[in-house]
Amino acid sequence: MKTKLVLWGADAEEKRILIAMELKVDENRVNIYTFPETIATEEFADQLMKDWRNDAEVPFPEGYKVEEKELSVTESLLGDDIKVERSDLVMRAQTEWHFIVLSHKMSDMFKSELSDLRARIDKLENFDDKVWEELKSFWDKVQQQVREKNLFREHADNLRDNTNELFGKMKDLRSKLDQEFKQASKEVHDKYHAAISEIEDKMEKGGARLQGLFEDLKNLQREFKGAPLSREHRSAVWEKLDSAFKAVKVKRFGDKAGSDNNPLERIQKRLKGLVAAIDKMDKSIQRDKDDFNFQQKRADSSEGQLEAQIRQAKIIMIEERIRSKEEKLSEMKATQADLESKIQNLRAKEAERQEKEKIEAAKVAVKEKIATEIQQTAEERKDEAEVLEKAAEALSEKQPKKEEKKEESLMDAVSTTLSETVEDAVDTFKAIASVVGKEIDEAVDDLKDKIEDALDGDDDEKEEKKD
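Cut-off values and rules
The numbers attached to residues start from 1 for each chain and follow its sequence in the written order. In view of the model being predicted, local features appear only for residues whose pLDDT reaches at least 70, and side-chain atom pairs are presented and counted only at 80 or more, with totals across whole chains, interfaces and linings using the full set of residues. Side-chain numbers come from the whole structure's heavy atoms, not from hydrogens or water. Pairing of aromatic side chains requires ring centres within 6.5 Å, counting the rings of Phe and Tyr and the six-membered ring of Trp. Pairs whose planes differ by under 30 degrees are stacked, by over 60 edge-to-face, and all others tilted. Buried, partly exposed and exposed residues are distinguished by accessible area as a fraction of the type maximum, computed with a 1.4 Å probe on protein chains only: under 20%, between the cut-offs, and over 50%, respectively. A run of DSSP states H or I qualifies as a helix once it reaches four residues; a run of E qualifies as a strand once it reaches two. Both are numbered from the N-terminal end. Only when the NZ atom of a Lys or the CZ atom of an Arg is both within 6 Å of the ring centre and within 35 degrees of the ring normal do we say a charge sits over the ring. We call two strands paired when DSSP finds no fewer than two bridges between them. Residue contacts are counted whenever heavy atoms from the two residues lie within 4.5 Å of one another. Axis lines are fitted to C-alpha atoms, over the contacting stretch for helices. Their N-to-C directions set the angle, which ranges from 0 to 180 degrees. Salt bridge criterion: a side-chain nitrogen from Lys or Arg within 4 Å of a carboxyl oxygen from Asp or Glu. Joining through side-chain atoms within 4.5 Å is the link that ties buried Ala, Val, Leu, Ile, Met, Phe, Trp, Tyr and Cys residues into a set, and such a set is a nonpolar core. Here, the arc refers to the directions that run from the helix axis to the C-beta atoms. Just so you know how the angles are binned, under 35 degrees is roughly parallel, over 145 roughly antiparallel, 65 to 115 roughly perpendicular, and the rest oblique. Only Asp, Glu, Lys and Arg are considered charged in this grouping, and only Ala, Val, Leu, Ile, Met, Phe, Trp, Tyr, Cys and Pro are considered nonpolar; every other residue, Gly among them, is considered polar.

> Which parts of the structure should I look at to understand the packing of aromatic side chains?
Geometrically, a pair of aromatic rings is defined through the distance of the ring centres and the angle of the planes. One pass over the full model with this rule turns up 14 aromatic pairs. With a centroid separation of 4.9 Å and an interplanar angle of 65 degrees, the aromatic rings of Phe-35 and Phe-44 are classed as edge-to-face. By the burial criterion, Phe-35 is buried, and Phe-44 matches it. Ring geometry for Phe-110 against Phe-138: centres 5.8 Å apart, planes inclined by 85 degrees, an arrangement best described as edge-to-face. Remark: Phe-138 occurs in helix H3 (residues 129–147) and Phe-110 occurs in helix H2 (residues 87–123); sequence separation between them is 28 residues. The exposure class of Phe-110 is buried, given its relative accessible area of 3%. The class for Phe-138 is buried, based on a relative accessible area of 0%. Across from the ring centre of Trp-132, 4.4 Å away, lies the NZ or CZ of Arg-174, which sits over that ring. Looking at Lys-191, its charged tip hangs above the ring of Tyr-192, at a distance of 5.0 Å from the centre.

> Which parts of the structure should I look at to understand the sheet that holds strand S2 (residues 16–24)?
Strand pairs in the sheet, formed through backbone hydrogen bonds, run parallel or antiparallel to each other. Pairing within the open sheet is antiparallel, and its five strands lie in the order S4-S3-S2-S1-S5. Each edge of the open sheet carries a strand with a single partner, namely strand S4 (65–70) and strand S5 (83–84). Across the face of the sheet, H2 comes into contact with strand S1 (4–10), S2, strand S3 (29–36) and S5 while running at roughly 155 degrees to S1.

> Explain the pairing of S3 to me, please; I cannot follow it from the model alone.
The side chains of a regular strand alternate, residue by residue, between the two faces of the sheet. Along S3, six of the eight residues are buried, which leaves the element largely enclosed by surrounding structure. Across eight bridges, the pairing between S2 and S3 is antiparallel. Within S3, the position partnered with Leu-23 by the bridge is Val-30. In textbook terms, the turn of a hairpin is the stretch between consecutive antiparallel strands, and for S2 and S3 this stretch comprises four residues, one of which, Asn-28, has a positive phi near 55 degrees.

> I keep staring at the pattern of salt bridges and nothing clicks. Help me out?
When the charged atoms of two side chains with opposite charge come close together, those side chains can pair. Overall, the coordinates contain 30 salt bridges when judged by the stated rule. The closest approach of N and O atoms between Arg-160 and Asp-157, which form a salt bridge, is 2.8 Å. Separated by three residues within a single helix, Arg-160 and Asp-157 lie in helix H4 (residues 153–205), roughly one turn from each other. One salt bridge connects Lys-186 with Asp-190, and the closest N-O pair in it is separated by 2.9 Å. With Lys-186 and Asp-190 both in helix H4 and four residues apart, this pair spans about one turn of that helix. Taken together, the shared-partner salt bridges connect Asp-288, Asp-291, Arg-321 and Lys-325 into one network.

> Explanation requested: the nonpolar core in the structure shown.
Nonpolar side chains tend to gather and get buried jointly when the protein is soluble and globular. Core analysis: the biggest nonpolar cluster contains 21 residues, and Phe-110, Leu-135, Phe-138, Val-142, Leu-159 and Met-170 have the highest contact counts within it. Of all the elements in the fold, those that place two or more residues in this core are H2, H3, H4 and helix H8 (305–398). Discounting chain neighbours no more than four positions away, the residues touching Leu-159 are Phe-110, Lys-111, Leu-114, Phe-138, Trp-139, Val-142 and Leu-151. Grouped together as the second largest cluster of nonpolar side chains are 19 residues, Ile-19, Leu-23, Val-30 and Trp-97 included.

> Before we go on, may I ask you to explain the environment of Lys-225 in this structure?
Tracing the chain through its elements places Lys-225 in helix H5 (residues 210–225). Residue Lys-225 is classed as exposed on the basis of its relative accessible area of 62%. Spatially, the C-alpha atom of Lys-225 lies 9.5 Å from that of Trp-238, the residues being 13 residues apart in sequence.

> Even after reading the chapter, I still don't get the pairing of S1, so can you show me in this structure?
In terms of burial, S1 is largely enclosed, as seven of its seven residues are buried. Taking every second residue as pointing to the same face, both faces of S1 are buried, with Lys-4, Val-6, Trp-8 and Ala-10 on one and Leu-5, Leu-7 and Gly-9 on the other. In this structure, S1 lies alongside S2, joined through seven bridges in antiparallel fashion. By the bridge assignment for S2, Trp-8 is matched with Leu-18.

> Would you explain helix H1 (residues 42–50) in this entry?
Among the residues of H1, Phe-44, Ala-45 and Leu-48 are the ones counted as buried. End-on, the buried residues of H1 take up no more than an arc of 100 degrees, which puts them together on one face. Residues of H1 that are exposed and point more than 90 degrees away from the buried face comprise Glu-42, Glu-43 and Lys-50. Against the buried residues of H1 lie S1, S2 and S3.

> What am I meant to see in the packing of H4 against H5 here?
The packing of two helices is summarised by the inter-axis angle and the distance between the axes. As a packed pair, H4 and H5 sit with axes 10 Å apart at the nearest point and diverge in direction by 170 degrees. As judged from the angle between their axes, H4 and H5 are roughly antiparallel. For the pair H4 and H5, the contacting residues are Tyr-192, Ala-195, Ile-196, Ile-199, Lys-202 and Met-203 in the first and Leu-210, Leu-213, Asp-216, Leu-217, Leu-220, Glu-223 and Phe-224 in the second. Split by residue class, the contact of H4 with H5 holds 10 nonpolar, no polar and three charged.

Structure representation (structure tokens):
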């Protein structure tokens, strides 16, 4: 935006004059130069239009007048004594110049704030998180004004260059701190690594109480949570600690205790962590909303347009922060619903699996009982059959002519006895099968069919022998 304006007009006596207007930004004032037509040659007017308006030096001829006025948006700078051909140009210049003054004031405000930060940073011997966050917050405010085009490019560039210089100094301090932190983290890592290794050695050698070793690991875990460790070292210690916990559990409770392959438990742990994160996010959004309401009240009672603009910028920043967090919260709640659905499905599958195991176990028990009962009954009937066979042999010796008929009668009796025994056993265990459902009932019928087929096969074999 230009801070100078040149145009033709007329004075109170209707005499043609050349008017040059210049904004004094720092003073919030406007210098108004008027040149009578007698000294305002075409050549001079061209110099003002082309050179002076672009901040080049142009000597003024003698005989001009200058008037200084405070910049105003509502009142005309020229007053009633001067008339111009393009009054709209004057009004547009006034509104633009008012914005320029406000933008310069905002730039000066940022420069002053940056100067205070520079003084504090120059005194730092070690990295300071608080100062770092203040510098980041400052630059966020500057960027917000740049995005809204409330700062001119040269102002923004100047602020950026100076801010980057301070960021560079802070990064140097942080790099030094990082090196010190890494060294300290390595020492802490080695201490925990050695302590866990010692517990593992005791566990391998035996003789130590496993419960005592487990408590030692729990104590290390509690200390470990607040230990100053880098991400890499923390991950390494955690893996070793977790491995030691699993090894102790295996020693105490067997192989199954050391495994963590239960998907239901993993999802439940993940859900628990997610619910805690959602609670934190809710509280964070509420704090932002409280801050928003506070800034809104302050904006309504701002003194001056510049302060109001600054307050409005803060309000916009908070609104954006709230919007971003609410989007994240929505995603987290969607994940929560998904995990809860997965937990319900896994629980249903687990219940179904357990029910199937019950049924299978009952089926096996019933089959085993039936088989045992049949075997016992068969052995008892076998003894009876041997007695009958001996009796039949004795009779056959006395009555050889009737041998064939009596043998057939005897074998029928044995077959009938065995068949009745099977029927009794099947009926008995069918009652048991009704407790565990249709599947066992079908299994029992199947077993009965197989036994009857076997008996039928024995009858056929006997018929063949007789033939």
